[in-house]
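# Architecture and fold: a report
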Amino acid sequence: MVGSPVEDDLCTRIRRSEQALMAHHEAVLRTYGLTMTQYTVLLALAREGGLSGSQLARSCGVTQQSMSSVLATMETKGLIRRDTSPVHAKVQIASLTDEGRALLDQAFQEVVVLERALREAFTPTEHASLCELLERATTVLVQQTRRAGARPAS
């Protein structure tokens, strides 16, 4: 309802939480010379191994063009290396360097402090419920975005 206070809107609450999370992570990561996208690339490479730029772009929620720039910067910093894919000669596969892994390990130790604080703010049952509810909300948001993108322009 248009007349209800904006703080009652679930989307507003989700957005405020997301903004607070990003502000925290950006403040922590800045001390390591990393952006949130660079950190996410390091995490993805640590968890998945070598990935292409397009795979990393999807994982990080950015365009392939943006990811190309991010990877070039990270390669210059010595955090990743890119090698030609054994399957496709035009595809570069990014992987962590020892320096990238060390920086990720350091940054992760500070980022995980927030995860622990959030976990401690809830009982185990509340934590599990919140995770389930957030997953459900994410599913609805993705579905609604697809529907909005499928509508013809007016």
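## Re the pattern of salt bridges
The final tally for this structure, using the stated rule, is four salt bridges. Notably, a salt bridge pairs Arg 15 with Glu 18, separated by 2.6 Å at the nearest N-O pair. Of the two residues, Arg 15 and Glu 18 both sit in helix 1 (residues 10-30), three residues apart, roughly one turn of that helix. Across the pair Glu 132 and Arg 136 runs a salt bridge whose closest N-O atoms are separated by 3.5 Å. In this pair, Glu 132 and Arg 136 are both assigned in helix 6 (residues 124-150), four residues apart and thus about one turn of the helix distant.

## Points about the nonpolar core
With 27 residues, the main nonpolar core has Leu 34, Tyr 39, Val 41, Leu 42, Leu 45, Leu 56 and Met 67 as its most contacted residues. Only helix 1, helix 2 (36-48), helix 3 (53-60), helix 4 (64-76), strand 3 (92-96) and helix 5 (98-120) provide two or more residues apiece to this core. With seven residues, the single largest contributor to this core is helix 2. Residues contacting Tyr 39, with those up to four places away along its chain left out, are Leu 29, Leu 34, Leu 104, Ala 107, Phe 108 and Val 111.

Calculation notes
- Residues numbered from 1 in each chain as written.
- Predicted model: local features only at pLDDT ≥ 70, side-chain atom pairs only at ≥ 80, totals over all residues.
- Heavy atoms only, no water.
- Salt bridge = Lys/Arg side-chain N within 4 Å of Asp/Glu carboxyl O.
- Helix = DSSP H or I, 4+ residues; strand = E, 2+ residues; numbered from the N terminus.
- Core = buried A, V, L, I, M, F, W, Y, C linked by side-chain atoms within 4.5 Å.
- Buried < 20%, exposed > 50% of the residue type's maximum accessible area, 1.4 Å probe, protein only.
- Contact = heavy atoms within 4.5 Å.

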